[in-house]
Amino acid sequence: MDRVNDTKIALVTGANKGIGFAIAQGLGALGFTVAVGARDEARRTEAVDRLRAAGSDAFGVALDVTSDESVAAAASTVEQTVGRLDVLVNNAGIGGRIDGGAQDPVTLDLDVVRTVLDTNVFGVVRVTNAMLPLLRRAAAPRIVNISSNMGSLTLRTGPILAAYAPSKSMLNSVTVQYARALAETNILVNAACPGYVATDFTGFNAPRTPEQGAAIALRLATLPDDGPRGGFFDDAGVVAW
Ligand code: NAP
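Given the structure is predicted, the values throughout are model-derived calculations rather than measurements. (Residues numbered from 1 in each chain as written. Predicted model: local features only at pLDDT ≥ 70, side-chain atom pairs only at ≥ 80, totals over all residues. Heavy atoms only, no water.)

Colleague: Can you explain the pairing of strand β1 (residues 9-13)? Please cite residues and give values.
Modeller: The element β1 is extensively covered by neighbouring structure, given that five of its five residues are classed as buried. Residues I9, L11 and T13 of β1 are buried on one face, and the alternating residues A10 and V12, pointing to the opposite face, are buried as well. The pairing of β1 with strand β2 (residues 33-38) spans five bridges and is parallel. Of the residues in β2, the one forming a bridge with V12 is V36. In this structure, β1 lies alongside strand β4 (residues 87-90), joined through three bridges in parallel fashion. Looking at the pairing, L11 lines up with L88 of β4. (Buried < 20%, exposed > 50% of the residue type's maximum accessible area, 1.4 Å probe, protein only. Helix = DSSP H or I, 4+ residues; strand = E, 2+ residues; numbered from the N terminus. Pairing = 2+ DSSP bridges.)

Take a look at the structure:
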């Protein structure tokens, strides 16, 4: 498919399956060229093929969000392939081990905390900072961080998971820090909660489809210039911090 200059470009991390794939599919259907960020070559190629078969313009970007080198190489790939980014969706995330009380706060395994933070929070910072120069070249850049209402200190919802839930609280806080730092720019940064979605993450034992989970990310990725900055949203509106 030929790319024209006004075609918008989106990078989705962890786009090979689950909610990330559905976000990639949704952005592709909206006419975005989609950079499919995924760490495994076979899974990445398969996802790109599926998106292309559905009529989307997509290309693969090797991306492990826990690796500085991989993230830097991914930024180079995006720059060389399309030259800028209009949308970044930080979707890649992990739940972390729970065996042996690893995420019970009273027996918390700090190695699990480090591992979860490295992907769910530090990964977002790595990718965002590597991609910001490309985002600054776009007319109306948008960053969407896929969070969870499990990170809400007000709602106190979901199972007790003392690595995963705090990782999303911190991601929400980091989202606000970015929104403040970028307040004088045209870059809108927000966090999204997809709801409880049937994916590998939930053992496919949840009521919402990946497409339903992707909907709020698509809305935040396509906000108008006067849209919110540093907010936390789901399909129903604002989520309590
Ligand atoms: P999923 O099906 O397990 O997909 C997770 C994706 O993240 C996969 O593509 C995975 O790649 C990728 N990933 C994990 N670690 C990575 C790394 N180091 N580098 C690059 N990619 C990495 O889970 P999901 O349910 O779609 O979750 C997506 C996001 O939604 C997560 O941030 C999750 O916390 C959030 N969320 C999910 C739910 C839910 O109910 N499912 C609810 C609230 C929030 P591999 O295939 O290579 O592992």
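Colleague: Kindly report on the packing of aromatic side chains, identifying the contributing residues and their values.
Modeller: For the coordinates displayed, the defined rule picks out two aromatic pairs. Seen from their ring centres, Y164 and F201 are 5.4 Å apart, and the 55° between their planes marks the pair as tilted. With a gap of 37 residues between them, Y164 in helix α5 (residues 164-181) and F201 in the loop between β6 (188-192) and α6 (210-221) connect regions that are remote in the sequence. Assessed through its relative accessible area of 46%, F201 is described here as partly exposed. A ring pair is formed by F232 and W241, whose centres lie 5.7 Å apart and whose planes are at 20°; its orientation type is stacked. Overall, the relative accessible area of 41% leaves W241 in the partly exposed class. Against the face of F21 rests R50, its NZ or CZ located 4.0 Å from the ring centre. (Phe/Tyr/Trp six-rings, centres within 6.5 Å; stacked < 30°, edge-to-face > 60°. Lys NZ or Arg CZ within 6 Å of the ring centre and 35° of its normal.)

Colleague: So what about the packing of helix α1 (residues 18-29) against α6? Which residues, and what values?
Modeller: Packing of α1 against α6 brings their axes to within 8 Å, and their N-to-C directions diverge by 55°. With respect to each other, α1 and α6 are oriented oblique. Every pair of crossing elements has a handedness; the one defined by α1 and α6 is right-handed. Between α1, through G18, I19, A22, I23, Q25, G26 and L27, and α6, the contact on the second element is made entirely by P210, E211, G213, A214, A217, L218 and A221. Residues belonging to the contact of α1 with α6 are distributed by class as follows: nine nonpolar, four polar and one charged. (Axes fitted to C-alpha atoms, helices over the stretch in contact; angles between N-to-C directions. Parallel < 35°, antiparallel > 145°, perpendicular 65-115°, else oblique. Left-handed = near helix turned anticlockwise from the far one by under 90°. Contact = heavy atoms within 4.5 Å. Nonpolar A, V, L, I, M, F, W, Y, C, P; charged D, E, K, R; others polar.)

Colleague: Tell me about unusual backbone geometry, and name the residues and values.
Modeller: One non-glycine residue with positive phi stands out, namely R156, at about 45°. Position of R156 relative to the elements: it lies in the loop between β5 (142-146) and α5. In this structure R156 comes out as exposed when scored by relative accessible area, which is 74%. With phi around 55°, F204 is a residue other than glycine that occupies positive phi space.

Colleague: Account for the site of the ligand, naming residues and giving values.
Modeller: Neighbouring the ligand are 29 residues; N16, R39, Y164, V197 and T199 lie closest to it. A distance of 2.8 Å separates an oxygen atom of the ligand from a polar side-chain atom of R39. Taking K168, its side chain carries an N or O atom lying 3.0 Å from an oxygen atom of the ligand. Look at the ligand: alone it shows 900 Å² of surface, and the protein chains cover 94% of it. At the level of secondary structure, the elements contributing two or more residues to the shell around the ligand comprise α1 and α5. (Near = heavy atom within 4 Å. Polar contact = N/O pair within 3.5 Å; in protein donor to acceptor, adjacent residues only side chain to side chain. Areas by Shrake-Rupley, 256 points an atom, 1.4 Å probe, with all protein chains shown as cover.)

Colleague: Can you break down the side chain of T119 residue by residue, with the values?
Modeller: The residue T119 is located in helix α4 (residues 110-135) in this model. Setting aside residues up to four positions removed in sequence, T119 forms contacts with V65, T66, A92, G93, I94 and V124.

Colleague: Tell me about helix α3 (residues 68-82), and name the residues and values.
Modeller: An ideal rise of 1.5 Å per residue puts 21 Å on 15 residues; α3 measures up with 21 Å between its terminal C-alpha atoms. Along α3, the residues that are buried comprise S70, V71, A74, A75, V78 and V82. Along the axis of α3, the buried residues cluster in a sector spanning 140°; they form a single face. Away from the buried face of α3 by more than 90 degrees, exposed residues E69 and Q80 are located. Of the surrounding elements, those touching the buried residues of α3 are β1, β2, β3 (57-62) and α4. Two residues or fewer past α3, G83 is found with a positive phi of approximately 85°. (Expected span 1.5 Å × (residues − 1). Arc of directions from axis to C-beta.)

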